[in-house]
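# Observations on the three-dimensional arrangement
Given next are the chains, with one letter for each unit.
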Amino acid sequence: MPTALRKLTFLRLLLIFIVALSSVAPSFAAAVDADPAWPANDIREEDQYAAFPLPLDEYEEITGPDGAKPGVMDVIVGRAMQQPFNIAVTAIFILAIFHTFMAGKIMHAAHVAQEKHMEKIRREGRMAKDKPHKNAKDDVCFKATVLHFLGEVEAIFGIWVLVLMSVCAYYYSWGDFTLYIGHDRVFIEPMFVVIIMAIASSRPVLLFAENTLRIFAGLGKGSPAAWWLSVLVIAPILGSFITEPAAMTIAALILLKKFYKYDISPKFAYATLGLLFVNISVGGTLTHFAAPPVLMVAGKWGWDMQFMLLHFGWKAVIAVVIATTLYYFYFRKELANLADAADGVIDGEVHPERWEDREDSIPAWITLVHLGFLGWTVFNAHNPPLFVGGFLFFLAFVAATEHHQNSISLKSPLLVGFFLAALIVHGGLQTWWIEPVIQGLPSNFLMLGSTILTAFNDNAAITYLASTVQGISPAAQHAVVAGAVTGGGLTVIANAPNPAGQSILGKKFNDGISPIGLLSGALLPTIICYAAFTFLPQLGGVAHPPHHNNTDNAEQVGEAMSQPATPSQTAEEN
């Protein structure tokens, strides 16, 4: 049996085991005699099984000085005094964010340690070529390996989950932590992102997307500038239909092939990355199912595709075009200098072609099957047994058509899924301070507050909190969602698809992607998107479920946010 086929067979068996285990787990969990620590009531629609976090409606009433209405800091300090556990888990969250800022320095230290280690084993004759065994390996530097792991952005929040686990067990119990993970958190989104990334990065899907973008690039005679504009404008808009994680994967892989593998300046690299993150975040707003922050609220607020197109989509397209055009004019000279490199020719030398980069045509029926698997995954995005089962059939089909395929690498998708899962664990414990911040914002600053908060927490969590509001006005709804999608490119954690782009393109940045560099690249597009959503007029009518109470007061947003974002509610919203 060919090696590749053996690997795929083992992978399929492993995934079958995981699916079987996941099917048994809910039944086993249901059989556990665990009563909810906080049963559902008139405010909380779902049971909460773990004793933490304390539901917001269970805090003792907090008053300001002399019995006045409490300010934002009064509420935050009061809740921290009532629940010291809040300080601990938020400190861990802040340390994890700080850790991401230090990832580049840690990765540099890993490279230095590895270089010293290689020099040492070269002197001492402990390299693979010096050993008598077949397929021998170089001696591994444990220090460099650990530092490299600590510098992987996708692993950082997962590392800090280990600390969080200990804190939760100390303040409450190990049983409460397992209930929090097993009952009160839902990890459907990370599972979906892993599979959609793997399918979207397959050779037939990638070549289909590349050929589609080639049509638009052809309008500019296929120049590097035309390709750059096509990827950064068309791919984000396609994200409204194939979902943002798929669009991010495809766009990042094409940018890697067309631009990042060449010697481009750090300024251009960060500008392109920041522009990509922002464009993907707002580009998914033409529909009601592709962008995670929109998905959180669309069902409850009655937002359909027509509503999204009229109130968000056309504004997003204008913002994407303006931001990309401005960056194009700023970097047009560098794009022009890439002409030879993008054609595969530098100074008359033709670069040898790798098997993975071959341009052989793929039968149309194979591409259609891959697109069918992609569509199946998107359609069943909230039903793991169906999209995971479909992925198993996808892997079998890849093995049966191997000569038309490239290897399906799961390393990057799994790292991204790990990142998102860890963010869900941490994010579920931050509601205690996010709620009063939003509650204390004046209505005209609600969008700005949502944009800033998104940079420090997943934007879907911000909009979910708003979806729990009873009687939130149309203006406040628009402000929260517009702010959430606008700020989705400022940091890696701001939008669920960002880690996918980070994982694909991060290897082309020395010592990893700098958070400051990403912020600088995303800042101008973010400002442009903010202006578009703020100043462009509304089109169409207002879509709301029955009994909507039209109250334009941002304080109601906070007052109605009296419960944390429980996973069962999130799954129901989806």
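Here, the structure is the one placed above.
The present account deals with the structure reproduced in this document. Along each chain, the written sequence defines residue order, and numbers are assigned to residues from 1. Owing to the predicted nature of the model, reporting of local features is limited to residues with pLDDT of at least 70; listing and counting of side-chain atom pairs is limited to 80 or more, with chain, interface and lining totals taken over all residues. As a convention, hydrogens and water are excluded, and side-chain values are obtained from all of the structure's heavy atoms.

In this section: the overall build of the chain. Helix and strand definitions follow DSSP, with helices as H or I runs of at least four residues and strands as E runs of at least two, each counted in order from the N terminus. Broken down by element type, the chain carries 26 helices and two strands. For every residue, the accessible area (1.4 Å probe, protein chains only) is compared with the maximum for its type, and the residue is labelled buried under 20%, exposed over 50%, or partly exposed between those bounds. For the chain, the proportion of its 574 residues judged to be buried stands at 53%. Partitioning the intrachain contacts of the chain with sequence separation of at least 6 by distance along the chain shows that 80% fall at a separation of at least 24. For the chain, the exposed surface amounts to about 26000 Å²; the carbon and sulfur share of it is 65%. It only takes one pair of heavy atoms within 4.5 Å for two residues to be counted as in contact. Accessible surface area values rest on a Shrake-Rupley calculation with a 1.4 Å probe, where residue burial reflects the displayed protein chains alone.

What follows covers the nonpolar core. For the purposes of this section, nonpolar cores are sets of buried Ala, Val, Leu, Ile, Met, Phe, Trp, Tyr and Cys residues that join through side-chain atoms within 4.5 Å. Residues Phe-157, Trp-228, Tyr-260, Leu-276, Trp-303 and Leu-505 are the most contacted members of the largest nonpolar core, which totals 151 residues. With twelve residues, helix 11 (residues 244-260) is the single largest residue contributor to this core. In this structure, Leu-276 is in contact with Leu-232, Met-248, Ala-251, Leu-255 and Leu-505, ignoring residues within four places of it in sequence.

Moving on, we come to helix 9 (residues 203-217). Helix span, as expected, comes to 1.5 Å for every residue beyond the first. An ideal rise of 1.5 Å per residue puts 21 Å on 15 residues; helix 9 measures up with 20 Å between its terminal C-alpha atoms. Residues Arg-203, Pro-204, Val-205, Leu-206, Leu-207, Ala-209, Glu-210, Leu-213 and Ala-217 constitute the buried set of helix 9.

Once that is clear, we can look at the pattern of salt bridges. The working definition used for a salt bridge is a side-chain nitrogen of Lys or Arg within 4 Å of a carboxyl oxygen of Asp or Glu. This structure, assessed with the given rule, holds eight salt bridges. A salt bridge links Asp-139 to Arg-126; the nearest nitrogen and oxygen atoms lie 2.6 Å apart. Remark: Arg-126 occurs in the loop between helix 4 (103-124) and helix 5 (142-150) and Asp-139 occurs in the loop between helix 4 and helix 5; sequence separation between them is 13 residues. On the accessibility criterion, Asp-139 (23% relative accessible area) is partly exposed. The network of salt bridges with shared partners includes Glu-124, Arg-126, Lys-131 and Asp-139.

Bringing a nonpolar patch on the surface into the picture now. What makes a patch is a set of residues exposed beyond 30% relative accessible area and free of salt bridges, joined within 9 Å when like-charged and within 5 Å when nonpolar (Val, Leu, Ile, Met, Phe, Trp, Tyr). A contiguous nonpolar patch, built from Ile-318, Ile-322, Leu-326 and Leu-524 and spanning about 300 Å² of accessible area, is present on the exposed surface. For the nonpolar patch, the leading source of residues is helix 14 (residues 305-337), giving three residues. Mapped onto the elements of the fold, Leu-326 is located in helix 14.

Bringing unusual backbone geometry into the picture now. Looking along the chain, the bond that leaves Phe-52 and enters Pro-53 is cis, with omega of -10°. Structurally, the position occupied by Pro-53 is in the loop between helix 1 (3-31) and helix 2 (72-82). In this structure, Asn-135 takes a positive phi of about 60° despite not being glycine. Tracing the backbone shows Asn-135 in the loop between helix 4 and helix 5. On the basis of relative accessibility, which here comes to 68%, the residue Asn-135 falls in the exposed class. In this model, Lys-221 sits at a positive phi of 60°, which is unusual for a non-glycine residue. With respect to the element layout, Lys-221 can be found in the loop between helix 9 and helix 10 (224-242). What makes Lys-221 exposed here is its relative accessible area of 81%.

With 18 residues, helix 12 (residues 266-283) extends 25 Å from end C-alpha to end C-alpha; this agrees with the ideal 26 Å at 1.5 Å per step. Across the 18 residues that make up helix 12, a large majority, 16, are buried.

To continue, consider the side chain of His-404. Examined against the element boundaries, His-404 turns out to sit in the loop between helix 17 (384-400) and helix 18 (411-427). Residues within four places of His-404 in sequence aside, it is in contact with Arg-203, Arg-358, Ser-361, Ile-362, Pro-363 and Ile-366.

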